[in-house]
Every structure is written in structure tokens, then in C-alpha cells.
Amino acid sequence: MSVKCYSNGAAQEVTGSNHIFEIDGRMFMVDCGAFQGKRKESDEKNRSFEIDHERVESVVLTHGHLDHCGLLPLLTKHGYKGNIYATPATRDIANLVMMDSARIQARDAEFLGKQASKKGEKFSWKPLYDENDCVAAANQIVSLSYNRKMYIAPDVQLEFFDAGHILGSAFANFTINPNPANPEKELRLLYTGDIGRKCKPIIRNPATNMPAPDYIFLESTYGNKLHDNHDFAMKELERIVREACQRKGKIIIPSFAIERAQELVFYLHLLTDKKKIPVVPIYVDSPMASNATSVFRVHPECYDESVNEAFLKHHKNPFGFNSLTYTTSVEDSKALNKKEGPMIIISADGMCEAGRVLYHLANDISNPRNTIMIVGYMAENTLGRRIFDGQKEVMILGDKYKVEAKVEKCNGFSAHADYSEMIEWLKESDTSRLKKIFLVHGETDQQEGFKEHLAEAGFNNVEIIEPEKEYILE
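In what follows, the accompanying structure is described. Quick caveat, the model's predicted, so the values are computed rather than measured.

### Considering the nonpolar core
Okay, step 1: Phe21, Phe174, Leu189 and Ile346 are the most contacted members of the largest nonpolar core, which totals 103 residues.
Okay, step 2: A total of eight residues in this core trace back to one element, the largest contributor, which is helix α4 (residues 88-118).
Okay, step 3: Here Leu189 is in contact with Phe21, Ala172, Asn173, Phe174, Ile176, Tyr215, Phe217 and Leu473, once residues within four sequence places are set aside.
Okay, step 4: Within the second largest apolar cluster, 25 residues are counted, among which are Cys352, Val357, Ala379 and Ile387.

Printed below as a string of C-alpha cells:
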């Protein structure tokens, strides 16, 4: 049996997760994500996505973020007819994310077409896929719950374990054995996808009860950083809201519609109930966040005990309270720009590259009474990264704006584990068979730092996966 692996995306970078392992030439794909970042470069990478789909036996999806599922409609559009395995919640989240991506691309095509027409230029840019392609991809998703084993090929068994990152996120555990009667010959691969954190609300902690793997493909987004602890993050959120209310300003929070928006609502609900912050209007201005919240409501199998207690036993809704409004229509979204603060606006896209948050930033970023609150990872070359890095002037929707609003950075709400948390997770897991850790899904400086931290913790056989380089697994 010859097994090799390689990565076509999220190798020495954070987005575009796409990992392959081959058994005697048969391909198995883990994640099929879109590249994000600088628009032109990301678009070129996404358009160059090619794979011999006839050799792909199965696709496994770890979770529903765009950088993990965003090219599935392109894969199926190119001819892939096989199964896509995911947890039930990931199936629903990915369906939302893919459809939203298709709609954004359609709007972009319309906008760019009009711009070109005004200039008398030819316009040839087309969306990568449309909503029909998303429906086709969703029809190929086969649900597999946590801790249920399934053969996805005669010699490959898959089992999902809770990754604690977003609703439905999973570690994908593969057991490869051409002769099940001889378990000593089996090879075990563990792809982490993205690893969550113990302190997160709503969903459970990352699992540690997986069978001992031979190889771990480990994310490294924050491989060389430590997050603020949860209590400090809550105090910072309380401070930021109080100060903004005193200035009668708006707080604009760029947020991914999946998980982060629901978490922020949960935390703000908690602070309001405890009278730690004033009662202030809170708007979740994202149709997808509203839809995602509905998905949360129908997947209690992913909740931790505290949310199960409130939501199922006492019928309290952790995603809604009196001062909260979910905004879905364009008219209601535009109306927020005319309203006076104080108020909190949670709006997608999380990296400020698309969506309604761009219009709120354009309207509010030059007002010193306002606050831009950064609560998550910002990829290189994104507007969010430029704001995070402290640029005094930024381009938004083709126009220049001075950054006069106060920029607050609150990394305690990250959905990714930092290096200390990932090392703790490794130590709590069974690594008795571990031969090597491969680092994926991280920028080079984070991966190099993480490799040093892992060595200090006793994990010495660590390799940073290079794009498209093949590695033999024995």
C-alpha cells in the first residue's frame, strides 16, 4: 500500500484549504475551500483550481467556512459526482455559505459590468459558479454525525470528532487498512480542520478522545500567538461598549455570519442581563447571520451543557433579546447609516472584503465618535487587515477614507486556538503512535514559531507543508 499526501491550498497560507491523500493513486480530498484576501489574486487562484476529479473517490468537509467549502460548487461543476461527507450542521452551514458566495459573485458581476459600461470598456468577468451549482453540490453531501464510523471506500474508514471551532466543525479521522483482519497494518490520519477553544460559548470543547493517529495535519493560524483569556476579553468588550456609549458613537464589528455573530450576541446578552453595559440597540445586519442563527436553533446536538440547559430545558433563546434586531432588507440596512448612536452593528464580511459591513465602514470610519472593533483573524491584503494594522487612510468601495474612528482589537473572541491551547490539546490527546505533525493553514511566520513551540513541548517531528509538495506516509 502506497500512501502520499499534498496540499493545494492552505499551505504556508491561511485560506483555500484543500488537502489530498492518495492510496495507490486513488484520491481522497479533505476540504475544498476558496482563497480569500486581495481580490484579484484570490480570484486568480480560485479560477485556476483544477483537479483530476475522476480519480477523487470521496471528499470530506471539516466545517462550513468559505475557506474550507467555497470551491465545492466548482468541483461538482467540473464533473465530480461522488459523495461529500460532513456533519449534519456543517451540511446546513455550508449550504448557506456557498449560496451566499454565489449571490455575492452575481452582484459583483452586475456592479463591475455597470462600471465597465460607464467607461465604455468591455467586461468579461463572470462568477465562478451560480446558485444552481450550489444546489448541485449540496445534493452530494452525505451527513455523518460525530462519533459514527463509516467506510467511504473499502479500505478507508472515516469518523468525525467535534473540533469546537464553529457549529458542526469536525476533526476528520481516517483509518486506512486494505486488510481489516490485520489491524496492526492500519494507518491513521487526523486532519484537524480548524481547532476551537475551550472557553467558547454555545458549542462544546474540542474533542480529545480520538484514536491515536500516526499523522496529524494540524492548523496553525495562531501558531505563534497567545489570545487574551476569556475574562479579560469580556472586560474589554464591556469597556469598549461603555466608552462608545459615553461618546454616543456607533460600534461597527466586522464579523463572520457563522458562529462569531452568534457568539457576540450571546456575550452582549450576558453583559446586558448582568447590567454590565447599558441597554443599547444592537443590530445584526446580515441576512446570512439571520439564516445561520436559524440553523443554530435546529442543531442542539452541537451545544455545550450550559446552552442546552438554557435553550432546551428552560426555553430561553440565547440568540435573541429585547434590544437586538436582525436586519435583513437592504432598506433597513441603509437606514442604520442615518441613525444616531449609541448603537452596535454586527455585520459581515468578517475580513471587510465584501458585504454590508463595507457600507457601514464607509459611512462611519471617519467619525472619531465611532469605534471599529476587530474580533477575528484578518488575512493579508484585506481591508480588515489594513484597518487592524493601523493605516490612517483606506480604500472602501473605490473611494479613500480617513480612519478617524477608534480601532479596538479584541483577540479573546477568536474561534481558533492559539499555540498554547493547541499544545494543551495535543497533550490531552493520545499521541502514542504519532510519527509526524504536518502544519497547514497558517502564514509562514506563525508556522515557524509554532514549530519551535511544539519542539519545546516535546513534539520534535514537525514539518511545514509546502504547496503541492508530495509527502510519503508510512
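### Digging into the state of the cysteines
Okay, step 1: Evaluated as defined, the whole model comprises zero disulfides.
Okay, step 2: In this structure Cys69 is not part of a disulfide, and its nearest cysteine sulfur, from Cys134, lies 9.1 Å away.

### Brief notes about empty space enclosed by the protein
Unoccupied space between atoms shows up once a probe the size of one water molecule is rolled over them.
Okay, step 1: Applying the stated rule across the entire model yields three cavities of 30 Å³ or more.
Okay, step 2: By volume, the largest cavity is sized at about 50 Å³.
Okay, step 3: Together, Ser17, His19, Val30, Asp31, His68, Tyr191, Thr192, Gly193, Phe217, Val440 and His441 line the largest cavity.
Okay, step 4: The class makeup of the residues in the lining of the largest cavity is four nonpolar, six polar and one charged.

### Brief notes about a nonpolar patch on the surface
Okay, step 1: A surface patch of nonpolar side chains, about 270 Å² in accessible area, is lined by Phe111, Leu112 and Phe123.
Okay, step 2: You can see Phe123 is positioned in the loop between α4 and α5 (131-138).
Okay, step 3: Residue Phe123 is classed as partly exposed on the basis of its relative accessible area of 34%.

### Side note on the sheet that holds strand β20 (residues 436-440)
Okay, step 1: A sheet is described by the order of its strands in space; here seven strands give the open sequence β7-β8-β9-β10-β11-β20-β21, paired in mixed fashion. Single-partner strands in this sheet number two, and they are β7 (149-153) and β21 (462-464). Taking the axes of each pair of neighbouring strands and ignoring which way they run, one obtains an average angle of 25 degrees across the sheet.
Okay, step 2: The pairing of β20 with β21 spans three bridges and is parallel. Counted as the bridge partner of Leu439 is Ile464 from β21.
Okay, step 3: Each of β9 (170-176), β10 (187-191), β11 (215-219) and β20 is contacted by helix α13 (residues 419-428), which is oriented at about 160 degrees to β11, the strand it contacts most.
Okay, step 4: In the packing of helix α14 (residues 444-456) onto the sheet, the strands contacted are β11, β20 and β21, and the crossing angle to β20 comes to about 155 degrees.

So, how was this worked out
- Throughout this document, residue positions are counted from 1 along each chain, in the order its sequence is written.
- A pLDDT threshold of at least 70 governs which residues receive local features in this predicted model, and a stricter bar of 80 or more applies before side-chain atom pairs are shown or counted, although totals over entire chains, interfaces and linings include all residues.
- With hydrogens and water set aside, each side-chain value is computed from the structure's full complement of heavy atoms.
- Side-chain atoms within 4.5 Å link the members of a nonpolar core, which is a set of buried Ala, Val, Leu, Ile, Met, Phe, Trp, Tyr and Cys residues.
- Note on classification: 1.4 Å probe, protein chains only; a residue is buried when its accessible area is under 20% of the maximum for its type, exposed when over 50%, partly exposed between these limits.
- Going along the chain from the N terminus, every DSSP run of H or I of four or more residues is numbered as a helix, and every run of E of two or more is numbered as a strand.
- By definition in these notes, contact holds between two residues if any of their heavy atoms fall within 4.5 Å.
- Defined by distance alone, a disulfide is two cysteine sulfur atoms within 2.5 Å.
- Cavities and pockets were defined on a 1 Å grid built from protein atoms only: a cavity is a group of points that admits a 1.4 Å probe but offers it no way out, a pocket is an open group of points flanked by protein on both sides within 12 Å along at least five of seven lines, and a lining residue is one with an atom within 4 Å of any such point.
- Grid points are joined across faces, edges and corners, and a volume is the space filled by probe spheres set on the points.
- Gly is put with the polar residues, along with every residue not named as nonpolar or charged; the nonpolar set is Ala, Val, Leu, Ile, Met, Phe, Trp, Tyr, Cys and Pro, and the charged set is Asp, Glu, Lys and Arg.
- Every patch collects residues that have over 30% relative accessible area and no salt bridge, joining them within 9 Å if they carry like charges and within 5 Å if they are nonpolar side chains (Val, Leu, Ile, Met, Phe, Trp, Tyr).
- Each accessible area value is a Shrake-Rupley result obtained with a 1.4 Å probe; residue values ignore everything except the protein chains displayed when judging cover.
- Put simply, a salt bridge is a Lys or Arg side-chain nitrogen that is within 4 Å of an Asp or Glu carboxyl oxygen.
- Any two strands with at least two DSSP-identified bridges between them are counted as paired.
- Every angle, taken between N-to-C directions, lies between 0 and 180 degrees, and every axis is a line fitted to C-alpha atoms, over only the stretch in contact when it is a helix.

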